[in-house]
Amino acid sequence: MAASCVRTVGSFLGKCTKCSSSINTVATQVLLSRQVCVSSALCRKNLAAAGPEKFTLEYIQKQVEEYEIGKRHLANMMGEDSENFTQEDIDKSIAYLFPSSLFEKRARPLMKHPDEIFPKQRAVQWGADGRPFHFLFYTGKQSYYSLMHDLYGKILKIEKHQDRLRAKGLFSQDAQLISLGPSRWLTKEELELLLVETISTHDYDRFIKLMERMLAMPYSSTEEEFVQRYRRQLEAQSMKQMMPPLEKDENGVAFSTAEGRRKTSDSSVILRDCGSGHITINGQDYLQYFPVLQDREQLMFPLQFMGVLGRFNLECTVSGGGRSSQAGALRLAISRALLSFLSEGDGEAMRQAGLLTPDPRVRERKKPGQEGARRKFTWKKR
Amino acid sequence: MIVNNRCFNVCFIFRPFRVPILTGCHSSIPLWWASLCDKKILNQPLEKPDFFRVAELFSLKDLFDARVHLGHKKGCRHRLMEPYLYGCRLDHDIIDLDQTMEHLQLALNFTAHIAYRGGIILFVSRRRQFGHLVETTAKDCGEYAHTRYWQGGLLTNANIQYGPGVRLPDLIIFLSTLNNVFQQHVGIRDAAKMNIPTVGVVDSNCNPSLVTYPVPGNDDTPAAVELYCRLFKMTINRAKDRRKQMELLHGLSADARERRHV
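Quick look at the structure, then. Just so it is clear, the structure is predicted and the values come from calculations on it, not from any experiment.

1. A look at the overall build of chain B
Secondary structure assignment for chain B yields eight helices and eight strands. Across the 262 residues of chain B, 50% fall into the buried class. Across chain B, the fraction of contacts at a sequence separation of at least 24, relative to all contacts at a separation of at least 6, is 69%.

Structure below.
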């Protein structure tokens, strides 16, 4: 139940009316003596309505100065050169001076430049005489609308250019579209960061549509630099397999090295094109290391699949895990090393057979309240 | 105090009026600004009826060539626009260009005085065809524009929308008083609520009642809208240049007087 407080009418009036000068003083004296019950909801501040915390410019400047001074002190403490103390050095020193084993990395002690800590916010938008700086200030979303305005201006410019060329008779439909390469448009969040103001999904869609419209016009290559500002490069995803390089050792024997992982085992294999079919694992013979037939079959499978059983010499190292997972790791490493000796078609066949896919299965953790990862405790009806 | 321009008296073309000094209930004139402005600079333009000679900027023929007289069809006619219409030809309303001339001169004169006194002018138009043109005009004058979706509390809830201590526009110029659904633009009502004078181009389907300085004319043809933009831009630039000249003039004369005294 909300706590209600008793207030006098005088304070209530003072809160609610700004200009109470018109109220008769005699009347107020009579009214002030009466007690009025007022709920605390009136004096409770709506904290959510204020929005994110705002920092003044002076406060942030003070933080920057403190950061610079602190950086010098830290450098002196660590015995380093205070002039060339980079952010990485700062991070290392802080990790050394304040060791923390907290799992959440963001909860650990941190010392960064205030620009990275405090969110970017807008400075005051108008000058001393009250006139706003930006001509679209009164729209509410000045950066977004000014971006749309500039974009539309560029479209008009391109259309005028097209008209001029058409008048001269030099217009050609298939000329000079912008080549973008593997890139994507800025996401809505990235655009909001860029503009330092919030935009709705509707606004974002309109922006993308207008950009696409500009890109579809014939002579849009003049605005390429402007468009690239709102694009992010994607790493080109190649469909080709990454094969280990084929090297030659001193005796002229071709060999290739590859690595493989399975569960907690790591293995590394050197495949030599000798012709003998010898296999060594961690210095031991493979019969000795893997007494079980199943593990030896796993080793042989890639070579038997390709029909090159007696051709290669294998020198393997493996660590971690149990016998089955070590065998699986070795199998993956052997398949990868084989890729450099085989043709594209054979490599594709290996991929289809599943020899080149790393097995992602790892041990699932045990959960509290259960016997194991999935097994629950025995259920008893009573 | 705002000029009451409700009488359609044709005898006086330029009746003397009092220019509002920074309207808007949340604006506060900084003391240093008020003290800097010499009284002479502020009062001199008020002595002549057409101090900025805005009547020379356009003629009736310009208005006719820009097709300002073309209204909408008879069915779209607003009742309150009937005094401004010359007549109706084959169901098309024709706006009386003589009345448009006077109203446009008044409006341009008022705009010039506001710009002379350093007021904030906001250009508003919700027509997508002319949005870019209006924004460019505003940018060229050094004033402000709003051709986008009008958020409800822009004028009435300004302190919360923009931050405390924001200065509201001193004049709003509507190049089209209707919004995209053919209803009256919210800005007209809000400006009237906030005591901000408005200049508006009212077509034959618009309601001119809340606009302080209505200018009956066509708001659909590109030629007409380009004419209005050009006229407003020229008046504002003229007024600002005149202000700079006056400040220089009076500044010089003040220096000369000081030197003589010393």
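2. Overview of the environment of A:Gln162
Residues and elements named next belong to chain A. Within the secondary structure, glutamine 162 is located in helix H6 (residues 142-168). When its relative accessible area of 7% is taken as the criterion, glutamine 162 is described as buried. Along the chain, glutamine 162 and proline 218 lie 56 residues apart, while their C-alpha atoms are 8.2 Å from each other.

3. Some details on the sheet that holds strand S6 (residues 171-174) of chain B
Strand-to-strand pairing in sheets goes through backbone hydrogen bonds, with the strands running parallel or antiparallel. All names here are of chain B. The five strands lie next to each other as S5-S4-S6-S7-S8, forming an open sheet whose pairing is parallel. The outermost strands of the open sheet, each flanked by one partner alone, are strand S5 (144-146) and strand S8 (213-216). Within this sheet the neighbouring strands show an average axis-to-axis angle of 20°, counted without direction. Direction of pairing for strand S4 (residues 121-124) relative to S5: parallel, over a ladder of three bridges.

4. Brief notes about the sheet that holds strand S6 (residues 254-262) of chain A
Residues and elements named next belong to chain A. The strand order across the open sheet built from six strands is S5-S6-S7-S10-S8-S9, with neighbouring strands paired in mixed fashion. A strand with exactly one partner marks an edge of an open sheet, and here the two such strands are strand S5 (247-248) and strand S9 (284-285). Strand direction decides the pairing type here: strand S8 (residues 279-281) and strand S10 (residues 313-319), joined by three bridges, are parallel. The partner of isoleucine 279 across the bridge, within S10, is leucine 314.

5. Examining the interface of chain B and chain A
Taken together, the 29 residues of chain B in the interface contact 22 residues of chain A. Of all residues in chain B, B:His132, B:Tyr144 and B:Arg148 bury the most surface against chain A, accounting for 30% of the area lost on that side. Viewed at the interface, chain A and chain B are joined by one salt bridge. B:Glu143 serves as the salt-bridge partner of A:Arg131, at 2.9 Å between the closest nitrogen and oxygen. Taken together, the links from chain B to chain A amount to 11 residue pairs in polar contact (both at pLDDT 80 or more). Elements represented by at least two residues in the side of chain B that touches chain A include exactly helix H5 (131-141) and S5 of chain B.

6. Re the packing of helix H11 (residues 293-306) of chain A against helix H12 (residues 323-338) of chain A
Residues and elements named next belong to chain A. Packing of H11 against H12 brings their axes to within 8 Å, and their N-to-C directions diverge by 15°. Considered as vectors, H11 and H12 are oriented roughly parallel to each other. Between H11 and H12 lies a crossing whose hand is right-handed. Residues Gln294, Asp295, Gln298, Leu299, Phe301, Pro302, Leu303 and Met306 of H11 touch H12, and the partners they reach there are Arg323, Ser324, Ala327, Leu330, Arg331, Ile334, Ser335 and Leu338. For the contact of H11 with H12, a count of residues per class yields nine nonpolar, four polar and three charged.

7. Considerations on the packing of H6(A) against helix H8 (residues 201-216) of chain A
All names here are of chain A. Viewed as axis vectors pointing N to C, H6 and H8 meet at an angle of 20°, and their least axial separation amounts to 10 Å. Comparing their axes, H8 and H6 come out roughly parallel. Between H6 and H8 lies a crossing whose hand is left-handed. On the side of H6, the interface is formed by Tyr144, Leu147, Met148, Leu151, Tyr152, Lys154, Ile155, Ile158 and Glu159, while H8 contributes Asp203, Arg206, Phe207, Leu210, Met211, Arg213 and Met214. In the contact of H6 with H8, the residues fall into 11 nonpolar, no polar and five charged.

8. A few points about the environment of A:Cys274
Residue and element names in this part refer to chain A. When you line up the elements, cysteine 274 lands in the loop between strand S7 (265-272) and S8. Since its relative accessible area comes to 43%, cysteine 274 is described here as partly exposed. In this structure, the C-alpha to C-alpha distance between cysteine 274 and asparagine 313, residues 39 residues apart in sequence, is 6.0 Å.

9. Details of the nonpolar core
Grouped together as the largest cluster of nonpolar side chains are 73 residues, with contacts concentrated most on A:Leu191, A:Phe207, A:Tyr230, B:Phe123 and B:Val199. At 11 residues, the largest contribution of residues to this core is made by helix H4 (residues 97-116) of chain B. Setting aside its immediate chain neighbours within four residues, A:Leu191 contacts A:Leu147, A:Leu186, A:Ile199, A:Tyr204, A:Phe207 and A:Tyr230. The next biggest cluster of nonpolar side chains, apart from the first, holds 27 residues, and it includes A:Ala254, A:Leu299, A:Met306 and A:Ala333.

10. What to know about the packing of aromatic side chains
What the rule picks out here adds up to 18 aromatic pairs over all chains. Here A:Trp126 and A:Phe137 contribute two aromatic rings whose centre-to-centre distance is 5.9 Å and whose plane-to-plane angle is 75°, an arrangement assigned as edge-to-face. Placement of A:Trp126 in the loop between helix H5 (114-117) and H6 and of A:Phe137 in the loop between H5 and H6 is noted, with a sequence separation of 11 residues between them. When its relative accessible area of 16% is taken as the criterion, A:Trp126 is described as buried. On the accessibility criterion, A:Phe137 (5% relative accessible area) is buried. With centroids separated by 5.2 Å and ring planes inclined at 80°, the aromatic side chains of A:Tyr289 and A:Phe290 adopt a geometry described as edge-to-face. The exposure class of A:Phe290 is buried, given its relative accessible area of 1%. For A:Arg231, the ring lying beneath its charged end belongs to A:Trp185, and the centroid distance is 4.3 Å. Just above the ring of B:Tyr116 sits the side chain of B:Arg243; from NZ or CZ to the centre is 5.3 Å.

11. A short note on the side chain of A:Ser183
Residues and elements named next belong to chain A. As for its position among the elements, serine 183 is in strand S3 (residues 183-185). Residue classification places serine 183 among the buried residues on the basis of a relative accessible area of 13%. Separated by 2.7 Å, the side chains of serine 183 and arginine 231 make a polar contact. Residues in contact with serine 183, not counting those within four places in the same chain, are Arg231, Arg232, Gln233 and Leu234.

The rules behind each value
Residues numbered from 1 in each chain as written. Chains lettered and ligands numbered in written order. Predicted model: local features only at pLDDT ≥ 70, side-chain atom pairs only at ≥ 80, totals over all residues. Heavy atoms only, no water. Helix = DSSP H or I, 4+ residues; strand = E, 2+ residues; numbered from the N terminus. Buried < 20%, exposed > 50% of the residue type's maximum accessible area, 1.4 Å probe, protein only. Contact = heavy atoms within 4.5 Å. Pairing = 2+ DSSP bridges. Axes fitted to C-alpha atoms, helices over the stretch in contact; angles between N-to-C directions. Buried area = accessible area lost by both parts, 1.4 Å probe. Salt bridge = Lys/Arg side-chain N within 4 Å of Asp/Glu carboxyl O. Polar contact = N/O pair within 3.5 Å; in protein donor to acceptor, adjacent residues only side chain to side chain. Parallel < 35°, antiparallel > 145°, perpendicular 65-115°, else oblique. Left-handed = near helix turned anticlockwise from the far one by under 90°. Nonpolar A, V, L, I, M, F, W, Y, C, P; charged D, E, K, R; others polar. Core = buried A, V, L, I, M, F, W, Y, C linked by side-chain atoms within 4.5 Å. Phe/Tyr/Trp six-rings, centres within 6.5 Å; stacked < 30°, edge-to-face > 60°. Lys NZ or Arg CZ within 6 Å of the ring centre and 35° of its normal.

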